[in-house]
Amino acid sequence: MLALAAAANAQTIPGSVGASSAGLPVALRNVGFEPPLGGPIPLGLGFRDENGRDVRLGDYFGRKPVLLALVYYGCPMLCNQVEQGVVGSLKMLSFNAGSDFEVLFVSFDPRETPGMAAQKKVSALSHYGRPDTASGWHFLTGGKQSIDALTEAANFRYSFNENSGIFAHASGIMLLTEDGRISRYFYGVEYPSRDVRLGLVDASAGRIGNPIDHLLLYCFQYDPSTARYSAAILRIIRFGGVLTIFTIVAGILIFRRRDISAPAAKSGPPSGRSEQGAH
């Protein structure tokens, strides 16, 4: 029960996640999730996919942004909520896994098997409701060496309770660029679809999304301390000022054009008939 409570509490410490403190339970003192923005993920690491095939992380990069979640499939509580949060957020987007981005779940428990990963994929696809996107969802397992290298690069720290056989860990997801760098991350188990959409547009360097998304990126700015997109007030004020000046100038030009054309319309061409000469 203590380990379960520790795992649940681990997600509630964004900003200072993982900071060692004598006031924290022992199970949480080395638990955290603080991804370094711009940091590279080692794409040469080997894992196994849900079909048992040997793969490298780099197999999922090179063309699209990647949503990466570090979980373990036997988790009794928190990881299931992470999966549900990811699926729930992505269902709200018009973007599609596989064509616009890749979804990558990686287990940090070296004891887990491709069979467990396959069950998780079936569950996620069922809730996502878009069966034609199966090629964009990937659930990996691997050995301790690869897991350690990946979690270290993501600054994802967890602890294992020998008595209960479960992990205490934080929760969150990362959005990675096509070359494997950490672009954005979000804490917790619920991820606002607006934030995820803007994060995917950011991570793709603007190659996905529409003009409205790009305008929103101008008006909203990612805040690493809260792991959310918040309104960039100064940008909005500047944009509003430019729009106001444009409106004023356009109004002046329109009224000036009317003032110039009005007298000409009133005078018009002469209407009298020309006099005929006497014969």
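Residues numbered from 1 in each chain as written. Predicted model: local features only at pLDDT ≥ 70, side-chain atom pairs only at ≥ 80, totals over all residues. Heavy atoms only, no water.

Details of the overall build of the protein chain
When helices and strands are counted, the protein chain shows 7 helices and 12 strands. Sorting the 279 residues of the protein chain into buried and exposed places 44% on the buried side. Looking at the protein chain alone, contacts between residues at least 24 apart form 69% of all its contacts between residues at least 6 apart. Element-wise, carbon and sulfur atoms account for 58% of the exposed surface of the protein chain, whose accessible area totals about 14,700 Å². (Helix = DSSP H or I, 4+ residues; strand = E, 2+ residues; numbered from the N terminus. Buried < 20%, exposed > 50% of the residue type's maximum accessible area, 1.4 Å probe, protein only. Contact = heavy atoms within 4.5 Å. Areas by Shrake-Rupley, 256 points an atom, 1.4 Å probe, with all protein chains shown as cover.)

A few points about the pairing of strand 4 (residues 66-71)
With respect to burial, strand 4 is a largely interior element, 6 of its 6 residues being buried. Where strand 4 and strand 5 (residues 102-107) come together, 6 bridges link them in parallel fashion. Its bridge partner lying in strand 5, Leu70 is registered against Val106. Remark: the strand 4/helix 2 (residues 78-91)/strand 5 crossover connection has right-handed handedness. (Pairing = 2+ DSSP bridges. Right-handed = clockwise from strand over helix to strand, strands pointing away.)

Quick notes on helix 6 (residues 211-219)
Quick reminder: α-helices carry 3.6 residues per turn. Residues three or four places apart thus point the same way. Within helix 6, the full set of buried residues consists of Asp213, Leu217 and Cys219. Looking straight down helix 6, one finds that the buried residues subtend no more than 165° of arc, so they occupy a single side. Set apart from the buried face of helix 6 by more than 90 degrees, the exposed residues are Pro211 and Ile212. Where helix 6 begins, one side-chain oxygen reaches toward the backbone nitrogen of Ile212, 3.0 Å away; that side chain belongs to Asn210. (Arc of directions from axis to C-beta. Polar contact = N/O pair within 3.5 Å; in protein donor to acceptor, adjacent residues only side chain to side chain.)

With respect to the nonpolar core
If you look at the biggest cluster of nonpolar residues, it comprises 71 residues, and the most contacted ones within it are Phe47, Leu90, Leu104, Phe105, Trp137, Leu150 and Met174. With residues up to four places along the chain from it excluded, the contact list for Trp137 reads Glu50, Val87, Leu90, Ala97, Val103, Phe105, Lys121, Ala124, Leu125 and Tyr128. (Core = buried A, V, L, I, M, F, W, Y, C linked by side-chain atoms within 4.5 Å.)

Looking at the confidence of the model for the protein chain
Per-residue pLDDT for the protein chain averages 84, and the proportion of residues at 70 or more is 78%. Counting interchain partners and residues more than four positions distant, the pLDDT-below-50 stretch residues 1-21 has 45 contacts. (pLDDT = per-residue confidence, 0-100.)

Concerning the pattern of salt bridges
Enumeration according to the criterion identifies 12 salt bridges in this entry. One connected set of salt bridges, linked through shared partners, spans Arg194, Asp195 and Arg228. (Salt bridge = Lys/Arg side-chain N within 4 Å of Asp/Glu carboxyl O.)

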